[in-house]
Amino acid sequence: MKKVAILLLSINFISSQIIGVGTYHSLAVKDNGELYSWGGNEYGQLGLGNSGIQFSPGEISQGFLSENEQFIYVAAKMHNIMAITNEGNLYRWGNASLSNVPLLFNREAINNKKIVKIAAGNSHSILLDEDGRVFFEGPSWPPVFS
């Protein structure tokens, strides 16, 4: 059987090197830090302030970021999204954070260290801080590995 790739959506207006995919939603971070999302949105996981399906990329508001702060990386889970900024801040939204707009993660839980990488599974997240420590969030696991 021959495998064929089909272009479902062309987003040529987005110059992006960072993308993320959840169960029914997708994201892209433009080179200038703008963050776009589209797809399923039952739990507000698109971060657009609503819960309706988005068939084309919608820009997530960045009015809450500081003047020189911009998104640099994104990771998606089943019903929520995480994104980090160039200042090491983590924002989360969707079902797990019970918000349809980005909320700032309290870095006090990790000694106010900057977050430099993130990864997400369906029910867990992994954060890497600037000191190389790995933090795990999820059911039935210890909260920190060092």
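Reading the values: the criteria
- Residues numbered from 1 in each chain as written.
- Predicted model: local features only at pLDDT ≥ 70, side-chain atom pairs only at ≥ 80, totals over all residues.
- Heavy atoms only, no water.
- Phe/Tyr/Trp six-rings, centres within 6.5 Å; stacked < 30°, edge-to-face > 60°.
- Buried < 20%, exposed > 50% of the residue type's maximum accessible area, 1.4 Å probe, protein only.
- Pairing = 2+ DSSP bridges.
- Helix = DSSP H or I, 4+ residues; strand = E, 2+ residues; numbered from the N terminus.
- Axes fitted to C-alpha atoms, helices over the stretch in contact; angles between N-to-C directions.
- Contact = heavy atoms within 4.5 Å.
- Lys, Arg positive; Asp, Glu negative; His and termini not counted.
- Salt bridge = Lys/Arg side-chain N within 4 Å of Asp/Glu carboxyl O.

Caption draft 1: Region of interest: the packing of aromatic side chains. Summed over the entire model, instances satisfying the criterion amount to three aromatic pairs. Ring geometry for Phe-64 versus Phe-71: centroids 6.4 Å apart, planes at 65 degrees, classification edge-to-face. Its relative accessible area of 1% is what places Phe-71 among the buried residues. Seen in terms of ring centroids, Phe-71 and Tyr-91 are 6.0 Å apart; in terms of plane orientation they differ by 80 degrees. Their pairing is edge-to-face.

Caption draft 2: Looking closely at the sheet that holds strand 6 (residues 80-85). Across the sheet, which stays open at both edges, the four strands sit in the order 5-6-7-8 with antiparallel pairing between neighbours. Looking along the sheet, the strands with just one partner apiece sit at the ends: strand 5 (71-76) and strand 8 (99-104). Each strand axis lies, on average, 20 degrees off the axis of its neighbour in the sheet, ignoring direction. Sheet topology note: the strand 6/strand 7 (residues 90-94) ladder contains five bridges and is antiparallel. Following the sheet pairing, Ile-81 is matched in strand 7 by Trp-93.

Caption draft 3: Focus on the environment of Asn-122. Structurally, the position occupied by Asn-122 is in the loop between strand 9 (115-120) and strand 10 (125-129). Sequence separation between Asn-122 and His-79 is 43 residues; the distance between their C-alpha atoms is 8.0 Å. Ignoring anything within four residues of it in the chain, the contact list for Asn-122 reads Thr-23, Lys-77 and Met-78.

Caption draft 4: Region of the structure containing the side chain of Arg-107. Within the fold, Arg-107 resides in the loop between strand 8 and strand 9. An unpaired buried charge is present at Arg-107: no salt bridge exists, and Glu-130, the closest side chain of opposite charge, is 6.1 Å distant. Excluding its chain neighbours within four sequence positions, the residues that come into contact with Arg-107 are Glu-87, Gly-88, Asn-89, Asn-112, Lys-113 and Lys-114.

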